[in-house]
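This is what each chain is made of:
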Amino acid sequence: MARIGLLTGGGDCPGLNAVIRAAVRRGLSAETHSFVGFRNGWAGLLQDEASELTLQSTVGILPRGGTILGTSRTNPFAGGNDGLDRIRRTLSAHGVDALIPIGGEDTLGVALRLHREGIPVVGVPKTIDNDLGGTDVTFGFQTAVQIVTDAIDRLHTTAESHHRVMVVEVMGRHAGWIATHAGIAGGADAILVPERPFDIEEVCAHLRRRHERGRTFSIVVVAEGAVPLQGTLQTVAGTATDAFGHRRLGGIGVTLEQEIEARTGYESRVTILGHVQRGGTPVAFDRVLATRFGVAAVEAVIGGRFGTMVALRATEIVEVDLEQALRSPKLLDPTLYQTAELFFG
Ligand code: F6P
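Predicted model only: the values in this text are computed from it and were never measured.

About the cut-offs
- Residues numbered from 1 in each chain as written.
- Predicted model: local features only at pLDDT ≥ 70, side-chain atom pairs only at ≥ 80, totals over all residues.
- Heavy atoms only, no water.
- 1 Å grid on protein atoms, 1.4 Å probe; cavity = no way out; pocket = protein on both sides within 12 Å on 5 of 7 lines; lining within 4 Å.
- Points joined across faces, edges and corners; volume = space filled by probe spheres on them.
- Helix = DSSP H or I, 4+ residues; strand = E, 2+ residues; numbered from the N terminus.
- Nonpolar A, V, L, I, M, F, W, Y, C, P; charged D, E, K, R; others polar.
- Domains from an automatic or database assignment.
- Buried < 20%, exposed > 50% of the residue type's maximum accessible area, 1.4 Å probe, protein only.
- Pairing = 2+ DSSP bridges.
- Right-handed = clockwise from strand over helix to strand, strands pointing away.

**What to know about the layout of surface pockets**
Argument step 1. Approximately 820 Å³ is the volume attributed to the largest pocket.
Argument step 2. In terms of lining residues, the largest pocket is bounded by 44 residues, among which R73, D129, R173, E224 and R278 are the most central.
Argument step 3. Only α4 (105-116), β6 (165-170) and α10 (322-326) provide two or more residues apiece to the lining of the largest pocket.
Argument step 4. It is α4 that contributes the most residues to the lining of the largest pocket, three residues altogether.
Argument step 5. Of the residues belonging to the lining of the largest pocket, the class tally is 12 nonpolar, 17 polar and 15 charged.
Argument step 6. The residue makeup of the lining of the largest pocket includes at least three contributed by each of domain 1 (3-140 + 282-325) and domain 2 (142-279).

**So, the pairing of strand β8 (residues 218-223)**
Argument step 1. When you tally the buried positions in β8, you get six out of six residues, the bulk of the element.
Argument step 2. Alternating residues of β8 divide into S218, V220 and V222 and I219, V221 and A223, and every residue in both groups is buried.
Argument step 3. Where β6 meets β8, six bridges bridge the pair, whose relative direction is parallel. Following the sheet pairing, V167 is matched in β8 by V220.
Argument step 4. Two strands pair when backbone bridges link them, and strand β7 (residues 190-192) and β8 are joined in this way by three bridges, in the parallel orientation. Looking at the pairing, L192 lines up with V222 of β8.
Argument step 5. In the classification by handedness, the crossover that spans β7, the intervening helix α7 (residues 200-212) and the parallel β8 is right-handed.

Everything listed is a geometric property; what it means functionally is a separate question.
Shown next as structure tokens:
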């Protein structure tokens, strides 16, 4: 019988509750494992904020967005935090045998560090950005893509009526997965992603050609992490960073709106979708994936396979080495981008 700790860290993501529910259900239905949930990511372990997770306390949460455990971007090793000792103390106070952190590169980076210190961990990958290595897809991504696609559909009709260029800024810090998938699904005329620095003049030339062919409106999707080719465009970068050193993004769409209008004369508007993409109920695909991840993570704990991360490879759930999964982000597949490009203009 194992006592298993769960926590959710980093940006929230539709499907987190589905993982929690599935893990608890797997551990409690036929066997007698027990679960403790730590509040607000790593903060809960530093401050010993925890509560028992039971069938009762996790009932009805499958379709609910966010996370019943709360989350934070707390880094237990930042700014001289003696994270390790405090985490050990909290785990031992709750009699925890193994920890399942559900998170992205930062949360799982901490998990890897704990694993190296001898704390048994099994990671569950989470990010709407879909840029974690080791897994083909992360839950939350499909939900975000659907939200953006619905938004593009709506923007299309108003763009067409007003003969405007609509710039749609979406999430995607290192990778343009959301921008490209939603751009293809929504029929975008240009997609700008972090993996391919853009030339604003080329973007404008492309829009002009489109208008010359008789199209009087355009949809430009831009990932928040997209950057101009060096020296081609001045952007205003914010300076605020989180505990893991990531700069707060957002705003490239505003620059694009202004530049496109100034350079082409076409009236332009920006829509920044922001955290709408992360809120609310997960789509069915994400609920299923999150459920499979939750079950698989508990099975990895029961089997004593620590230092691993559950992952989706093709249609199978597998366990991958956590260290290897975190080695580099999963960037956009260039072939997918080429497919999207076929439909530009
Ligand atoms: O979790 C990933 C992400 O959604 C990124 O796409 C985005 O840059 C970031 O989180 C936003 O974080 P916050 O919620 O802290 O503003």
